[in-house]
Amino acid sequence: MGVLMSKKQQVEKVQKATAVVSAFQAGIKDRQVVAKQAEADAEESEGPAKPPANADEKTTEEAEQEETDSSAGPSTSQQASASAKDECKVNQEAWSRLRDGKGVEPEDLDKSHQLTPPAFVRPKREADDDQPVEVELEKKEQPTGDEMCDVCEVWTADDLYPCRICTRVFHDGCLRELGYLRAEALQEMRDTAHTVTGWSCYYCDNLNLLLTEEEMYSLMETFKQCKIIPESCLVSDELLQYRHFASKQLFDKDLTDEQEEEVLAQFAALDPEKKGQIEWSDFLYYESLAVLRKLRSENSLVRLLTGKERDKARSVFLGLALDKDGVISRAECRQAQQSWFQKLNKDSQSCNVSISHVGPICESSPASSGSERSNESRPVTWVDFLKESAIYILAARPNSSAMHIRLPL
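All values derive from a computational prediction rather than experimental measurement.

Quick look at the nonpolar core now. Among the nonpolar cores identified, the biggest contains 57 residues, and Phe283, Phe341 and Phe385 are the most heavily contacted of them. Of all the secondary structure elements, the ones that give two or more residues to this core are helix 7 (213–225), helix 8 (236–251), helix 9 (257–270), helix 10 (280–295), helix 11 (298–303), helix 12 (307–320), helix 13 (330–339) and helix 16 (382–395). At 9 residues, helix 16 tops the list of elements feeding residues into this core. Setting aside anything within four residues of it in sequence, one finds Phe283 in contact with Phe223, Ile228, Leu234, Leu239, Tyr242 and Ile278.

Next up, the structure:
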């Protein structure tokens, strides 16, 4: 059974044909050069080989060769300066990708890849962003998934892999051609996309894309002041140095010994495989959630949830609120907030550290206050449950097994 061809695919076929023609023309030029060189070699072979007239000619040739070798010396320093310029250019490109929310620039892709990654557009906050949003408890939304691949816009039935957060679907081949997912990530997608665990697409997996341009600019300035190099892994000392600087800027004081221990616990939560370093994406997601938690209201965070996430929140709340007049206890609320991360329990030890030891993002954060413990007896309604759980639902989006937020005690 054939498939429909979209306009995008037609354009790609034209691009491929153009590339073939260009390669063919380049091959013809190369053949002409090789042919001319062969003729020149033939002419030289026809004449008798002439030995050097005397020893002086040989000495002259050796001197010229020595001059050529000596002239190659300064090129080493030139190469060093050129490599430094290239490194600076790479860092600038990394900062621009971080600002624009792009994972890989098209020119950085392997030439065999024929698909161009999409350009991400950062969201803009609306005037009513902080106003309460009405989400009914009894009415499930049940959003249906898209019928065509989000990349090639072609329908191929069972060959499509859905995202567990949004309604997008993808071909594994299209994601491979985009260059966004490595071989192991593609295999994980094939293994989990059609299971209860699910898989997050590259849009939903990247929590940094939830930040506006203004929020991202603020975060980038902090990174630059702390000399954090984008797209590079961080060791524990670098994370401690970053936290010391942030504490100095926010509270005008250094971290205490207890807070340093909390930072090291955060490092362990972001390094579940105990590699001794945390991936750039995990660090970026953690800091992005910190910005959202600091600058956004709970109503604004609820507006970021998708229909699938709201439906899952409904199911969890209704399962806890049986015969309780539509309310649950504070302990049940915390239990539900931890349940979002059950998908990460591939390794039994990966989540235990972060649940009990990871410190608050900042001293003024809700996780660091004792207000929750003092309100143990206060019942939690559906509206309160959704507002308080929104940040944890968002934090559970990435496919990574790292914990990007401190869970409630």
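Once you've had a look at it, read on.
Turning to the side chain of Thr192, a few remarks are in order. Tracing the backbone through its elements, the reader meets Thr192 in helix 5 (residues 183–192). The buried category is assigned to Thr192, whose relative accessible area is 16%. Beyond its immediate sequence surroundings of up to four residues, Thr192 is in contact with Thr197, Gly198 and Trp199.

Time to look at the pattern of salt bridges. Per the stated rule, a full pass over the model turns up 16 salt bridges. For Arg168, the salt bridge is made with Asp150, and the minimal N-O distance between the two is 4.0 Å. Placement of the pair is Arg168 in the loop between strand 1 (160–162) and strand 2 (169–171) and Asp150 in the loop between helix 3 (75–100) and strand 1, with a sequence separation of 18 residues. Overall, Asp150 belongs to the partly exposed group, its relative accessible area being 27%.

A few words now on the environment of Ala313. Checked against the element boundaries, Ala313 lands in helix 12. The spacing of Ala313 and Ala336 is 23 residues in sequence and 8.8 Å in space, taken between C-alpha atoms.

Before going further, it helps to spend a moment on the environment of Leu234. With respect to the secondary-structure elements, Leu234 resides in the loop between helix 7 and helix 8. For Leu234, a relative accessible area of 2% puts it in the buried group. Sequence separation between Leu234 and Gly276 is 42 residues; the distance between their C-alpha atoms is 8.7 Å. Among all residues touching Leu234, those that are not within four sequence positions of it are Ile228, Phe267, Gln277, Ile278, Trp280 and Phe283.

Right, let's talk about helix 12 for a bit. Working note: α-helix, 3.6 residues per turn, so residues spaced by three or four point in the same direction. Its 14 residues place the ends of helix 12 20 Å apart at the C-alpha level, agreeing with the 20 Å of an ideal helix rising 1.5 Å per residue. Where helix 12 is concerned, the buried positions are Gly307, Glu309, Arg310, Asp311, Ala313, Arg314, Phe317 and Leu320. Contacts from the buried residues of helix 12 go to strand 3 (327–328), helix 13, strand 4 (380–381) and helix 16.

Its 13 residues give helix 7 an end-to-end C-alpha distance of 18 Å, which sits within 8% of 18 Å, the value for a rise of 1.5 Å per residue. Along helix 7, the positions that sit buried rather than exposed are Glu215, Met216, Leu219, Met220 and Phe223. The arc that holds the buried residues of helix 7, viewed along the axis, is 135 degrees, so those residues lie on one side. Residues of helix 7 that are exposed and point over 90 degrees away from its buried face: Glu214 and Tyr217. The first or second residue beyond helix 7 is Lys227, which carries a positive phi of 60 degrees.

Turning to the packing of helix 12 against helix 16, a few remarks are in order. At a minimum axis distance of 11 Å, the contact between helix 12 and helix 16 shows a crossing angle of 125 degrees. Relative to helix 16, helix 12 is oriented oblique. With respect to the hand of their crossing, helix 12 and helix 16 are arranged in right-handed fashion. Residues Glu309, Arg310, Ala313, Arg314, Val316 and Phe317 of helix 12 lie in contact with helix 16, whose contacting residues are Trp382, Phe385, Leu386 and Ile393. Tallied by class, the residues present in the contact of helix 12 with helix 16 amount to 7 nonpolar, no polar and 3 charged.

Another point: the confidence of the model for the protein chain. Across the protein chain, the average pLDDT comes to 75, with 61% of residues at 70 or higher. Mean pLDDT across the elements of the protein chain ranges from a minimum in helix 14 (residues 352–357), with 31, to a maximum in helix 11, with 96. For residues 344–372, every residue scores under 50 in pLDDT, and the model assigns this stretch 56 contacts once sequence neighbours within four places are set aside.

Moving on to the packing of aromatic side chains. In total, this model carries 11 aromatic pairs according to the counting rule given. Judged by centre distance (5.4 Å) and plane angle (80 degrees), the rings of Tyr242 and Phe283 are edge-to-face. Taken together, the residues Tyr242 in helix 8 and Phe283 in helix 10 connect sequence positions 41 residues apart. Across this residue pair, the class does not change: Tyr242 and Phe283 are buried. Feature note: the residues Phe170, Trp199, Tyr202 and Tyr203 constitute an aromatic cluster, connected by ring pairs. Stacked on the ring of Tyr203, the Lys or Arg Arg168 has its end atom at 3.9 Å from the ring centre.

Conventions and cut-offs
- Residues numbered from 1 in each chain as written.
- Predicted model: local features only at pLDDT ≥ 70, side-chain atom pairs only at ≥ 80, totals over all residues.
- Heavy atoms only, no water.
- Core = buried A, V, L, I, M, F, W, Y, C linked by side-chain atoms within 4.5 Å.
- Buried < 20%, exposed > 50% of the residue type's maximum accessible area, 1.4 Å probe, protein only.
- Helix = DSSP H or I, 4+ residues; strand = E, 2+ residues; numbered from the N terminus.
- Contact = heavy atoms within 4.5 Å.
- Salt bridge = Lys/Arg side-chain N within 4 Å of Asp/Glu carboxyl O.
- Expected span 1.5 Å × (residues − 1).
- Arc of directions from axis to C-beta.
- Axes fitted to C-alpha atoms, helices over the stretch in contact; angles between N-to-C directions.
- Parallel < 35°, antiparallel > 145°, perpendicular 65-115°, else oblique.
- Left-handed = near helix turned anticlockwise from the far one by under 90°.
- Nonpolar A, V, L, I, M, F, W, Y, C, P; charged D, E, K, R; others polar.
- pLDDT = per-residue confidence, 0-100.
- Phe/Tyr/Trp six-rings, centres within 6.5 Å; stacked < 30°, edge-to-face > 60°.
- Lys NZ or Arg CZ within 6 Å of the ring centre and 35° of its normal.

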